[in-house]
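Single-letter residue listing:
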Amino acid sequence: MKRVPQITADEAAALVKDGDTLLQGGFGMTGNPVHLMHALAEAGTKNLTFIGNNTGEPGLGGGRLLRNGQLKKMIGSFFTSNPDAVRAAQLGAVAYELLPQGTLAEAIRAGGAGIGGFYTPTAAGTLIANGQETKVIDGVEQVFVKGIRGHVAFIRAWRADTAGNLTYRMTEQNFNKAMATAADLVIAEVEEIVPVGAIEPEHIHTPGCYVDYLVQATLTPEDLGMSVSVSAGRRVDEARLNMAKRALAELQAGDVVNLGIGIPTLVADLLTPEHGVMLHTENGMLGIGPAPTDGGGAMQYPVNAGKIPVTAIPGSSYFDSADSFGMIRGKHIDIAVMGGLEVDEAGNLANWAVPGKPLLGVGGAMDLASGAKKLIITLTHTNPDGSSKIVPACALPITALNAVDLIITELAVFAFPEGKLTLIELMPGATLDEVRAKTSAQFAERLG
């Protein structure tokens, strides 16, 4: 039986060389090999290419390497959560490459499986696809993505046996499972190490053949950053609550639903078990329940895509990010409810970037917008300057083409029957004249 060497975090850090490409697991600080990353920060290793969903938080995880000037390039999905990453990109101190979250996960899985690359409809027709090879497959434009591998992978698991078999806890699989397959050298930071045979075969998520070294390190609340505890309750204005209620009316018992940040998160607060809806989060959970009421945080509970602790309802399941986005692209998500910056007459969506600001935070928006069976966009009808968000043609960077099925604002509900933008409902307190005055797009009317 294979026996995986157990080493210290400092010894693990010494195995990373200047100029290496480093894969780092974790979603935010959940499932983040923070002790290995901090040991690497102490080692001072330079000119690293960092690959991960995001660079941790300021001074935590990859954020500590960033502050030290140890990264020459970062490749990931959502860097805007770390102000240091935004600043470094703006100053040109660190090169960066942005990939949709599902594309990143699948590229790592492909690299680990010895697959050179793949085609995906995600990001087709967007800035992310500029300069990339594309091909029309079964009538759908798709973008070629090369598989990703690294020299070293730092991952975090909850339990390992002495043969290197790993088990992850709750939503801590995220990018760890795929990254364990996609590097020349894989070092797993784990909460505990047990004798071989102590983990039942059906509970092993990563077989030991992928793991080269184990490092035992105890997780503390301080290691979890913003996810350590439940945020305080928020006050919600009536207009936003009405939009959430209208979105809720579109959900049917048995639906699998993904909710974006902002107004869509309010839908979760309105759901009850009687609705029979299963909420999906792209970081690896199906069956999200309400926020914990006992004050517990990410040490005790899974987290959602907003990195906020949640509970698990009966029938919930956990999986990794690659599987999660496979559900999305494979049309196994019935409805996605997302926020938006603009929607146009053709049903194009813009919700991820504003010109003049660094394009550092695409996350899972492109995957969801093009992959869900039905896409509902909730947004305020106008910008602060009074200009319409429902426009003839999107001026902001596109998230997905011809993807929107329903628009809900505080004033109106629009659909796209026969592909034409159509006003189908007025929201409480709104008038038809007001909607006409505040909408720059041309639309048909089917009220009543």
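See above for the structure.
Report follows, based on the coordinates. (Residues numbered from 1 in each chain as written. Predicted model: local features only at pLDDT ≥ 70, side-chain atom pairs only at ≥ 80, totals over all residues. Heavy atoms only, no water.)

### Focus on the overall build of the chain
Using the following cut-off: For helices the rule is a DSSP run of H or I covering at least 4 residues; for strands it is a run of E covering at least 2, with both sets numbered from the N terminus onward. With a 1.4 Å probe rolled over the protein chains alone, any residue whose accessible area is under 20% of its type maximum counts as buried; one over 50% counts as exposed, and the rest are partly exposed. Residues are treated as being in contact if the distance between any of their heavy atoms lies within 4.5 Å. All accessibility values rest on the Shrake-Rupley procedure with a 1.4 Å probe; residue burial counts only the protein chains present in the view.
For the chain, the helix and strand inventory stands at eleven helices and 24 strands. For the C-alpha atoms alone, the extent of the chain along its principal axes is close to 70 × 45 × 40 Å. Sorting the 448 residues of the chain into buried and exposed places 56% on the buried side. Pairs at least 24 residues apart make up 70% of the contacts formed inside the chain by residues separated by at least 6 positions. Accessible surface computed for the chain: about 18,000 Å², of which carbon and sulfur atoms make up 52%.

### Remarks on the nonpolar core
For clarity, the threshold we go by: For the purposes of this section, nonpolar cores are sets of buried Ala, Val, Leu, Ile, Met, Phe, Trp, Tyr and Cys residues that join through side-chain atoms within 4.5 Å.
One finds Leu40, Phe154 and Ile187 to be the most contacted residues of the largest nonpolar core, which totals 36 residues. Every residue in contact with Phe154, bar those within four places of it in the chain, is listed here: Ala12, Ala13, Val16, Leu22, Leu23, Gln24, Gly25, Pro33, Leu36, Met37, Leu40 and Ile187. The next biggest cluster of nonpolar side chains, apart from the first, holds 32 residues, and it includes Leu286, Ile333, Ile407 and Leu423.

### So, the sheet that holds strand S6 (residues 134–137)
The strands making up a sheet associate through backbone hydrogen bonding, with each pair oriented either parallel or antiparallel. Counted only if it meets this: In this description, strands pair whenever DSSP reports at least two bridges between them. Note on geometry: axes are C-alpha line fits, over the in-contact stretch for helices, and angles between N-to-C directions span 0 to 180 degrees.
One open sheet holds the three strands; their spatial order is S5-S7-S6, and the pairing between them is antiparallel. Unpaired on one side and paired on the other, strand S5 (117–120) and S6 mark the two borders of the sheet. On average, each strand axis in the sheet is tilted by 35 degrees relative to the strand beside it, whichever way the strands run. Summarising the sheet, S6 and strand S7 (residues 140–146) pair through four bridges and their orientation is antiparallel. The partner of Lys135 across the bridge, within S7, is Gln142. Across the sheet, helix H5 (residues 101–112) is in contact with S5 and S7; its angle to S5 comes to roughly 150 degrees.

### With respect to the pattern of salt bridges
Our working definition: Any Lys or Arg side-chain nitrogen located within 4 Å of an Asp or Glu carboxyl oxygen qualifies as a salt bridge.
On inspection of all chains with the given rule, the structure shows 21 salt bridges. Among the ionic pairs, Lys73 bridges to Glu97, the shortest N-O distance being 3.5 Å. Within this pair, whereas Lys73 is found in strand S3 (residues 71–76), its partner Glu97 is found in strand S4 (residues 95–98), the two being separated by 24 residues in sequence. On the basis of relative accessibility, which here comes to 27%, the residue Lys73 falls in the partly exposed class. Accessibility expressed as a relative area gives 34% for Glu97, which makes it partly exposed. We note a salt bridge from Lys438 to Glu434, for which the minimum N-O separation is 3.1 Å. Taken together, the residues span about one helical turn, with Lys438 and Glu434 both in helix H11 (residues 432–438) at a distance of four residues. A relative accessible area of 34% places Lys438 in the partly exposed class. A relative accessible area of 26% places Glu434 in the partly exposed class. One network of salt bridges, in which partners are shared, links Glu106, Arg109, Asp323, Arg329 and Asp367.

### A short note on the sheet that holds strand S18 (residues 349–350)
Taken in spatial order, the three strands of this open sheet run S18-S17-S20, and their pairing is mixed. Lying at the two open borders of the sheet, with one neighbouring strand each, are S18 and strand S20 (390–391). Bridge analysis of strand S17 (residues 342–344) against S18 gives two bridges, and the strand direction is antiparallel. Considered in S18, the bridge of Glu342 is made with Ala350.

### Looking at unusual backbone geometry
Even without a glycine there, the phi angle at Asn47 is positive, about 55 degrees. Among the structural elements, Asn47 can be located in the loop between helix H2 (34–43) and strand S2 (48–51). A positive phi angle, close to 50 degrees, is found at Met170, a residue other than glycine. Mapped onto the secondary structure, Met170 falls in the loop between strand S9 (166–167) and helix H6 (176–179). Its relative accessible area of 18% is what places Met170 among the buried residues.

### Regarding the packing of H5 against helix H9 (residues 321–329)
Definition in use: Roughly parallel covers angles under 35 degrees, roughly antiparallel covers those over 145, roughly perpendicular covers 65 to 115, and oblique covers all other angles. Put simply, a crossing is left-handed when the front helix is turned counterclockwise from the back one by less than a right angle, and right-handed when it is turned clockwise. Residues were grouped as follows: Ala, Val, Leu, Ile, Met, Phe, Trp, Tyr, Cys and Pro as nonpolar; Asp, Glu, Lys and Arg as charged; and all remaining residues, including Gly, as polar.
Orientation of H5 relative to H9, taken along the N-to-C sense of each, is 120 degrees, at an axis distance of 9 Å. When the interaxial angle is binned, H5 and H9 end up oblique. In the crossing of H5 with H9, the sense of the turn from one axis to the other is left-handed. Counted together, Gln101, Gly102, Thr103, Ala105, Glu106 and Arg109 of H5 and Ser321, Ala322, Asp323, Phe325 and Arg329 of H9 form the full contact between these two elements. Residue composition of the contact of H5 with H9, grouped by class: three nonpolar, four polar and four charged.

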